[in-house]
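Commentary on secondary and tertiary structure
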Amino acid sequence: MIEIEGISKRYGETTVVRDVSLTIAPRTVTVIVGTSGSGKTTLLRIINRLVEPTSGTIKLDGEDNRSLPDYELRRRIGYAIQGHGLFPHRTVAQNIATVPTLLGWDRARIEAKVNELLTLFQLDPVAFGPRYPHELSGGQQQRVGVARALAAEPKVLLMDEPFGALDPIIRAKAQDDLLAIQKHFETTIVLVTHDMEEAFHLADRIAVMDKGEVVQYATPAEMLVKPATVFVESLIGAGERPFRLLAIDTVADAVEPGVAEGEAIASSASQREALSMLLWSGRKALPVVGPDGAVIGKVSLDGLAQRAAGPT
Amino acid sequence: MLRLPTLFRLLAFAVLIAFLVQPQWFEPLLRPLVQENAPAIYNQGSLLQLTLLHLRTVAIATAGATVVALALAILVTRRSGAEFLPLSRSLVNIGQTFPPVAVLALAVPIFGFGEKPTLIALFLYGLLPIFENALTGLTTLPPSIMEAARGTGMTGRQRLMKIELPLAMPVILAGIRLSVVISLATATIGSTVAARTLGEVIIAGLQSNNLAFVVQGGLIVAVLAVLIHDALQAAERSLGSRMGR
Amino acid sequence: MQLRVDKLGVIIAALAAYGALLAPFATFRANRIVAGEARSISEALPPAWAAIILFLIITTAGIAILKTPSRLRLGTAFAMIAALALGIGAAAAHLTPPENTYARVSPASGFWILLFALGLLAADALTRLRPSPLVRVLFLSAVLGFIAAVLTSGTWDGLSLLKEYASRADTFWAEAGKHLMLALGSLAAATAVGIPLGVLCHRVARLRDGLLGVLNAIQTIPSIALFGILIAPLGWIAIHVPGAAAIGIRGIGTAPAFVALFLYSLLPVVANTVVGLAGVPREANDAARGIGMTDFQRLIGIEFPLAFPVILTGIRIVLVQNIGLATIAALIGGGGFGVFVFQGVGQTAMDLVLLGAVPTVLLAFTAAIVLDALIETVTPNRNRVQSA
Ligand SMILES: Nc1ncnc2c1ncn2[C@@H]1O[C@H](COP(=O)(O)OP(=O)(O)O)[C@@H](O)[C@H]1O
Ligand SMILES: [Mg+2]
């Protein structure tokens, strides 16, 4: 649980973050979006005290984040940034071991953790552990950056545009991996991005920032249905709204009784994927198969159309 | 695998050692440079001993300069010393316009003759390139790496020891290399104030009009300088390539 | 206004306090040979003078310690330096007994420490003010003008340094001429040869590595040795080439020094020409080719102007380096300010060393300021020039 209460940050005359209050539930993904310069990074850095706020408090599990020295706080909070910030003079294994080493873990435990994380991120520990960062591809560097942030098993992980430097295909994969790992470690993630697609894909809740203020803090569905301001609406993109709405829920939620012809779709796919398949194959309905491969019903064009419709 | 340039250097090193230990072997080579009865090999002391003294003087001065320059550079790149950063840059620029000879000559009336003024002059002059490079190295670290270091929860001292100094090391080494090469040459001038360096050989040659002395003194210093320069450069390269520079 | 403390100012004030109160201001010697006796400010100066100087030092220290505007700090530093300059002259007049021509008065450690502290104050203020190139050169002219005025006014005539000068006035200017000729002449020769060589190296890659390697190797030969080694070939030329001796080429003296300085100068000029030309943007060259410029037109019209700041940086390195190295020429009878430096070292006569060293340092300093200003003026958008 992260409680952000009345946080403001001023640099001289300009207010960069203005009276922000948010409560972030444990084990969720919260995404902060907004245009460039709206104060997202600053707000994120206030959480692990890389920036000291002008006013306001932040509590982590009920404890003020100023109750211990800043460096000790940061060892408990994972932090991953765009361009990964890997230490070029240390091997991949040493990079990942940074915080455990600072915390004084014993060697065997560190090694086990490094191996676990590398395996989890689909990097062979024997092949990649001893390499230097410049010997990795961009996507691999980024994964090592996230692995380093997770090494000391932090309950909270802060990420500042972590996928900003990746190409679209690798980015999509990295996002899926992140969600899987979040489930695995039950980490609370606060992620900054300016990419709305990414926000809707990852977020349990989205906070939209504009000129230093949080103008809306809501679930993706609420935000689509009821954007708080014109700014939020334009950020979402009016033309994208029905598709974003469908992208949030899975086919399982839209299953109707009945049968349909042709190729089936998995119940775990998103409704947007179902719509896409319906339109492309020119059918009115698709059969839906459950996790065990058995047909559990159908999903129809009409049904999806109703779900994608905004409030009237 | 041994590449040709490396082979040349090893050869030069071997010849240098041979010359220092058994200079008579090279007598026929130097003989044409002198008049009839004049000695072709320096005969007023041991070349080996002078070389070692020369190297010792340079080593002491450079070691002192490295410690002080590095400490100063660290000081002015911390937040508490930031006020001094612009001034220290200016002072380095000003300092480097001072001719080394002037520094040496001015040290004599203060510190007397011999080793001392030479050491002081080499130390003072050697400070500048090391300090300048250490400043460059410590102030041009990639911001994303410094950010990550803070983000992982390193203390100021840990960041300095584990991130900043290792990353700046190739640039700092380049400064030390520059300083050593300047000092090797400047130390010879120390012999005009009675410091025991290879300059003795050269000055003896100038005084007795013995070209062979001048050549052997000069060449020993030049070969030392080239070998030390290249060795340090190789060290920088291997450090740098590991970091993917 | 809130009073806040300047960290550097505290150091400057501490230095100034030590220099003014604890260290001797001037040294008095009954004649040139005997050991000196230290004199504090109050002993060295008439009471009124001493009071004024001490008062000014206290004021300066106060201005230094508090956070004050840079202009005020700069003005104070220069005013105080001027006061010190006049004060040391007054000390000489005060300490020398009337009609005594043997007594020697020279600045002592306290004076130098004060000067250093004030230099720091001025340098810091100047660093903060970042004056434009023109203003910097004007400052330099003002300082040199002040020094010239004090020298000609006779204020310093009682100082030991000037007495050394007085007994050598003729040689001093002759050596100054030789020093300048060595430093500037070898620079001119190196520029005339080095720039074409640099262009050639830029065009012919194989030549570049070889030539730069040789020039690098020359730089590692210690200066006294190179000066000495050149005695032989030039001696041979003087004897065997008809007319060579007549134009001043001799085995010892100015000729080997000139050639040595020339050889040392080549590396920075050639290397910076190569670096400058290599730094010319590819698009500029392509555009020039595209509009049909010949290679020569491109060199003169495009490459050269763009590479000029870098080449000029090489020339600055050479000039400052040559002014210093020219002192070594004295060891092989080549003249220059080194004559006084090495004579002074031989006699442990600080004043004589200073008579050679101070003009050398002033010259190097002037050259550095003027050329830095020039480089900044010709460099587009104020980017600092990278030297080779
Ligand atoms: N250290 C600082 N000093 C002054 N202004 C700053 C500083 N850091 C950030 N800012 C300003 O704060 C604003 C918000 O920055 P940031 O939080 O990085 O925005 P975002 O991450 O949303 O792009 C920007 O206008 C930026 O210029
Ligand atoms: Mg940002």
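Residues numbered from 1 in each chain as written. Chains lettered and ligands numbered in written order. Predicted model: local features only at pLDDT ≥ 70, side-chain atom pairs only at ≥ 80, totals over all residues. Heavy atoms only, no water.

**Here's the deal with the UniProt feature "domain: ABC transmembrane type-1" (unreviewed entry) in chain B**
Within the UniProt annotation, "domain: ABC transmembrane type-1" (unreviewed entry) is assigned to residues 51–232 of chain B. When the span residues 51–232 of chain B is considered, its composition is 82% helix and 0% strand, and the gap between its end C-alpha atoms is 19 Å. (UniProt positions renumbered as here; feature names shortened; annotations may be inferred. Helix = DSSP H or I, 4+ residues; strand = E, 2+ residues; numbered from the N terminus.)

**Description of the UniProt feature "domain: ABC transporter" (unreviewed entry) in chain A**
Within this numbering scheme, the UniProt entry marks residues 2–236 of chain A as carrying the feature "domain: ABC transporter" (unreviewed entry). A helix fraction of 40% and a strand fraction of 26% characterise residues 2–236 of chain A, whose end C-alpha atoms lie 26 Å from each other.

**Quick word on the site of ligand 1**
All names here are of chain A. Residues in contact with ligand 1, as listed here, are Y11, V16, T35, S36, G37, S38, G39, K40, T41 and T42. In this structure, an oxygen atom belonging to ligand 1 sits 2.5 Å away from a side-chain N or O atom of T42. For ligand 1, whose unbound accessible area comes to 560 Å², protein coverage reaches 55%. At three residues, helix α1 (residues 40–47) tops the list of elements feeding residues into the shell around ligand 1. Considering only residue class, the shell around ligand 1 consists of two nonpolar, seven polar and one charged. (Near = heavy atom within 4 Å. Polar contact = N/O pair within 3.5 Å; in protein donor to acceptor, adjacent residues only side chain to side chain. Areas by Shrake-Rupley, 256 points an atom, 1.4 Å probe, with all protein chains shown as cover. Nonpolar A, V, L, I, M, F, W, Y, C, P; charged D, E, K, R; others polar.)

**A word on the interface of chain B and chain A**
Listed by partner, the interface residues are 20 residues for chain B and 21 residues for chain A. Summing both sides of the interface, chain B and chain A together bury roughly 1900 Å²; the carbon and sulfur share of this comes to 61%. Linking chain B with chain A are one salt bridge, by the criterion used here. For the salt bridge of A:R45 with B:E147, the shortest nitrogen-to-oxygen distance reads 2.3 Å. Joining chain B to chain A, the criterion identifies six residue pairs in polar contact (both at pLDDT 80 or more). At the level of secondary structure, the elements contributing two or more residues to the side of chain B that touches chain A comprise α7 (143–151), α8 (156–189) and α10 (211–242) of chain B. Residues that form the side of chain B that touches chain A fall into these classes: eight nonpolar, eight polar and four charged. (Contact = heavy atoms within 4.5 Å. Buried area = accessible area lost by both parts, 1.4 Å probe. Salt bridge = Lys/Arg side-chain N within 4 Å of Asp/Glu carboxyl O.)

**Points about α7(B)**
Those residues of α7(B) not exposed but buried are B:I145, B:M146, B:E147, B:A148, B:A149 and B:G151. In the core, the buried residues of α7(B) are packed alongside α1, α2 (70–76), β6 (77–81) and α7 (138–150) of chain A together with α8 of chain B. Of the residues one or two after α7(B), B:G153 is the one with positive phi, at around 90°. (Buried < 20%, exposed > 50% of the residue type's maximum accessible area, 1.4 Å probe, protein only.)

**Some details on the nonpolar core**
Of all hydrophobic cores here, the largest spans 112 residues; its most connected members are B:I220 and C:F227. A domain split of this core shows at least three residues from each of domain 1 (7–160) and domain 2 (169–387) of chain C. If you look at the next biggest cluster of nonpolar residues, it comprises 49 residues, including A:L150, A:L179, A:I189 and A:A203. (Core = buried A, V, L, I, M, F, W, Y, C linked by side-chain atoms within 4.5 Å. Domains from an automatic or database assignment.)

**Regarding the interface of chain B and chain C**
Each partner contributes to the interface: chain B provides 35 residues, whereas chain C provides 40 residues. In terms of surface lost to chain C, no three residues of chain B exceed B:E83, B:L87 and B:T97, which account for 18% of the buried area on that side. At the junction of chain B and chain C, the tally comes to one salt bridge. Taking the shortest distance from any N to any O, the salt bridge between B:E83 and C:K67 comes out at 3.5 Å. At the boundary of chain B with chain C, the tally comes to four residue pairs in polar contact (both at pLDDT 80 or more). Mapped by element, the contributors of at least two residues to the side of chain B that touches chain C are α4 (85–95), α5 (100–111), α8, α9 (199–207) and α10 of chain B. For the side of chain B that touches chain C, the element with the most residues is α10(B), which contributes eight residues. In terms of residue class, the side of chain B that touches chain C is built from 27 nonpolar, seven polar and one charged.

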